[in-house]
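Observations on the model geometry
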2 protein chains.
Amino acid sequence: MTRQPDFVLVRPQMGENIGAAARAMWNFGLDRMRIVSPRDGWPNPAAAAMASGAGRLLDTAQLFDDTAAAIDDATHVYATTARPRGMTTPVMSPERAMQDAALRLAGGERVSVLFGPERAGLENDDIARANTIITVPVNPAFPSLNLAQCVLLTAYEWRRQAAEVTHEAVVPGPDGWAEAGEVERLAEHYEERLTEAGFFFPEHKAASMRRTLRNLWSRMPLTKADVRIFHGILRQLVRDRDRKT
Amino acid sequence: MTRQPDFVLVRPQMGENIGAAARAMWNFGLDRMRIVSPRDGWPNPAAAAMASGAGRLLDTAQLFDDTAAAIDDATHVYATTARPRGMTTPVMSPERAMQDAALRLAGGERVSVLFGPERAGLENDDIARANTIITVPVNPAFPSLNLAQCVLLTAYEWRRQAAEVTHEAVVPGPDGWAEAGEVERLAEHYEERLTEAGFFFPEHKAASMRRTLRNLWSRMPLTKADVRIFHGILRQLVRDRDRKT
């Protein structure tokens, strides 16, 4: 089995759309689906009815309570969204993103692609967890791709790009790239200590400051060693503070 | 208006699918639809309901009795079909075909793309009229693209190939990437405070720890805003320490 990305449906609403997304994936040979808190519970009969020949993807789909848990083991996370949100995250076309994903997978990484719920799309907090944003170059006057269509185009590009990649790879050093869960815990560590230290001030700006900081960590190409260093920096500063207290 | 291909729906059955095809086209800026003897007559209320924002394409769609009439003015005709039929017609991927179409259009040609009815696909007589066959590289174990999905992928490739302007970018935010000197001063700031805090310990490892940390900063794609945040983190932690001292 060729290595392939996980496609993560975040808070999908209609079962039909989950089934249609499964069909779209399997049309291009992808069968690793993850689902974050589907609105109508799970399993979903409407999803199964729509998936027909791709029902196996639903049977083996993994369920998660939140986005962080669903991407915990990923070393690189892509988020599909039509709207650039004033974040500094790199934006790629589906083509470039799936080229990048194919390279990373060839190098032994685990990658995930986030797809938002039908109406609202991904929330800023989900997008802030992504290393790369995928934006489909739609007609600005009519950007109306639905969930399954977005999955379809991404899966199509995956198949195109995976056929190309052979020997190239992005090399992260001896112990590899940090997984999203490790970056998450790093972000939390800083957030906790900085909260104690009164960093998120004034109050009405705290939420946006937190998101900015979270997004910053996600954008950094961190290895496991880098994560340890950043933890070490914080621990040492706090220890030093407490010693002098 | 950029020159663009005509998308020709041959004997489409469900009005919903005609509407969905219109939406798929307009997502990628295509608005020249032709329809060959739709099963349920024309106009079709179900098509209009599904098309919503792309309804204009249905209003201006041209109707024909047979495929020959619909492609009468085309200098090059592509036929989308999953099945190679033992014809000598060249087969192209959507990507190559739309590259080819963009070149022809730039050279003043008129090109048409045929899409077959939902269940049966194009008949041999239709395919025999095509100069080029377009086959989407689907999973051979699950080739189940529907009409609107086939239109979507072809329109997507059209837009990719026709667009000279890339929409991709790594956007560094309002005030841009940090300059090397700014990163240097950030690295120094951390090095000084961490030295005070006893971070570089034991002594015989201190030089290599310093180098590792310096290298870490250099590898990060930092914006000016990121640099300010990292300075702010450190200052706040130190201030907090000193307050408690």
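The structure presented is a predicted model; accordingly, all values stated were derived computationally and were not measured.

**Regarding the domain arrangement of chain A**
Residues and elements named next belong to chain A. In terms of domains, chain A is made up of domain 1 (6-162) and domain 2 (180-244). Just the C-alpha atoms count here: the centres of domain 1 and domain 2 sit 28 Å apart. Listed by partner, the interface residues are 16 residues for domain 1 and 10 residues for domain 2. Of the roughly 960 Å² buried between domain 1 and domain 2, counting both surfaces, carbon and sulfur atoms make up 45%. In terms of surface lost to domain 2, no three residues of domain 1 exceed Asp 72, Ala 128 and Arg 129, which account for 43% of the buried area on that side. Our count for the domain 1 to domain 2 interface comes out at 2 salt bridges. For the interface between domain 1 and domain 2, the tally reads 7 residue pairs in polar contact (both at pLDDT 80 or more). At 3 residues, helix α6 (residues 124-127) tops the list of elements feeding residues into the side of domain 1 that touches domain 2.

**What to know about the packing of helix α10 (residues 224-244) of chain A against helix α9 (residues 206-219) of chain B**
For the pair α10 of chain A and α9 of chain B, the least separation of the axes is 11 Å and the interaxial angle reads 110°. The orientation of α10 of chain A relative to α9 of chain B falls into the category roughly perpendicular. Here α10 of chain A runs over α9 of chain B; the crossing is left-handed. In contact with Asp 226, Ile 229, Phe 230 and Ile 233 of chain A of α10 of chain A, α9 of chain B contributes Thr 212, Leu 213, Leu 216, Trp 217 and Arg 219 of chain B. For the contact of α10 of chain A with α9 of chain B, the per-class residue count stands at 6 nonpolar, 1 polar and 2 charged.

**So, the side chain of Thr 89 of chain A**
Residues and elements named next belong to chain A. Examined against the element boundaries, Thr 89 turns out to sit in the loop between β4 (76-80) and β5 (91-92). Judged by relative accessible area, Thr 89 falls into the buried class, the value being 1%. At 2.9 Å, the side chain of Thr 89 and the side chain of Asn 215 are in polar contact. Those residues in contact with Thr 89, other than ones at most four positions away along the chain, are Ala 130, Asn 131, Thr 132, Ile 133, Asn 215 and Arg 219.

**With respect to helix α9 (residues 203-219) of chain A**
The first and last C-alpha atoms of α9 of chain A sit 25 Å apart over 17 residues, in line with the 24 Å expected at 1.5 Å per residue. Burial in α9 of chain A covers these residues: Ala 206, Leu 213, Arg 214, Asn 215, Leu 216, Trp 217, Ser 218 and Arg 219 of chain A.

**Examining the layout of surface pockets**
There is about 1,200 Å³ of room inside the largest pocket. Lining the largest pocket are 42 residues, with Leu 145, Asn 146, Leu 147, Ala 148 and Gln 149 of chain B positioned closest to its centre. Of all the elements in the fold, those that place two or more residues in the lining of the largest pocket are α1 (15-27), α2 (45-51) and α7 (147-162) of chain A together with α1 (15-27) and α7 (147-162) of chain B. For the lining of the largest pocket, a count of residues per class yields 20 nonpolar, 15 polar and 7 charged.

**A few points about the interface of chain A and chain B**
When the parts come together, some accessible area is lost, and that loss is often what is quoted as the size of the interface. Each side of the interface is counted separately: chain A has 62 residues, and chain B has 61 residues. In total, chain A and chain B occlude about 5,400 Å² of area from one another, counting both sides; carbon and sulfur atoms represent 64% of this. Counting the surface chain A buries against chain B, the share from its top three residues, Asn 27, Phe 142 and Leu 237 of chain A, is 12%. Seen at the junction of chain A and chain B, the total is 5 salt bridges. Asp 226 of chain B serves as the salt-bridge partner of Arg 219 of chain A, at 2.8 Å between the closest nitrogen and oxygen. On inspection of chain A and its partner chain B, the count reaches 17 residue pairs in polar contact (both at pLDDT 80 or more). Among the elements of the structure, α1, β5, α5 (94-106), α7, α8 (180-196), α9 and α10 of chain A are those that each provide at least two residues to the side of chain A that touches chain B. A per-element tally of the side of chain A that touches chain B places α10 of chain A first, with 12 residues. For the side of chain A that touches chain B, the residue count by class is 34 nonpolar, 15 polar and 13 charged.

**Section: the nonpolar core**
Judged by nonpolar contacts, the single largest core of 80 residues is most densely connected at Met 33 and Val 151 of chain A together with Met 33 and Val 151 of chain B. Among all residues touching Val 151 of chain A, those that are not within four sequence positions of it are Phe 7, Leu 9, Ala 21, Ala 24, Met 25 and Phe 115 of chain A. One finds Leu 213, Leu 234 and Leu 237 of chain A together with Phe 230 of chain B within the second-largest nonpolar core, a separate group that totals 44 residues.

**A look at the environment of Asn 131 of chain A**
All names here are of chain A. Among the structural elements, Asn 131 can be located in the loop between α6 and β7 (132-134). On the basis of relative accessibility, which here comes to 14%, the residue Asn 131 falls in the buried class. Sequence spacing of Asn 131 and Met 33 is 98 residues, and the spatial spacing of their C-alpha atoms is 19 Å. With sequence-adjacent residues up to four places away left out, Asn 131 is seen in contact with Thr 75, His 76, Val 77, Thr 89, Pro 90, Ser 218 and Met 220. A distance of 2.5 Å separates a polar atom in the side chain of Asn 131 from the backbone oxygen of Ser 218.

**Some words on the sheet that holds strand β2 (residues 33-36) of chain A**
Residue and element names in this part refer to chain A. Taken in spatial order, the 7 strands of this open sheet run β3-β2-β1-β6-β4-β7-β5, and their pairing is parallel. Single-partner strands in this sheet number two, and they are β3 (62-64) and β5. By the bridge criterion, 3 bridges tie β4 to β7 in an arrangement that is parallel. Each bridged residue has a counterpart across the sheet, and for Ala 79 the counterpart in β7 is Ile 133.

**Things to note about the pattern of salt bridges**
Tallied over the entire structure, the rule returns 45 salt bridges over all chains. With a closest N to O distance of 3.0 Å, Asp 40 of chain B and Arg 39 of chain B form a salt bridge. Note on Asp 40 of chain B: relative accessible area 42%, which makes it partly exposed. Ionic contacts of the salt-bridge type, sharing partners, join the residues Glu 95, Glu 157 and Arg 160 of chain A together with Glu 95, Glu 157 and Arg 160 of chain B into one network.

Each value, and the rule that gives it
- Residues numbered from 1 in each chain as written.
- Chains lettered and ligands numbered in written order.
- Predicted model: local features only at pLDDT ≥ 70, side-chain atom pairs only at ≥ 80, totals over all residues.
- Heavy atoms only, no water.
- Domains from an automatic or database assignment.
- Contact = heavy atoms within 4.5 Å.
- Buried area = accessible area lost by both parts, 1.4 Å probe.
- Salt bridge = Lys/Arg side-chain N within 4 Å of Asp/Glu carboxyl O.
- Polar contact = N/O pair within 3.5 Å; in protein donor to acceptor, adjacent residues only side chain to side chain.
- Helix = DSSP H or I, 4+ residues; strand = E, 2+ residues; numbered from the N terminus.
- Axes fitted to C-alpha atoms, helices over the stretch in contact; angles between N-to-C directions.
- Parallel < 35°, antiparallel > 145°, perpendicular 65-115°, else oblique.
- Left-handed = near helix turned anticlockwise from the far one by under 90°.
- Nonpolar A, V, L, I, M, F, W, Y, C, P; charged D, E, K, R; others polar.
- Buried < 20%, exposed > 50% of the residue type's maximum accessible area, 1.4 Å probe, protein only.
- Expected span 1.5 Å × (residues − 1).
- 1 Å grid on protein atoms, 1.4 Å probe; cavity = no way out; pocket = protein on both sides within 12 Å on 5 of 7 lines; lining within 4 Å.
- Points joined across faces, edges and corners; volume = space filled by probe spheres on them.
- Core = buried A, V, L, I, M, F, W, Y, C linked by side-chain atoms within 4.5 Å.
- Pairing = 2+ DSSP bridges.

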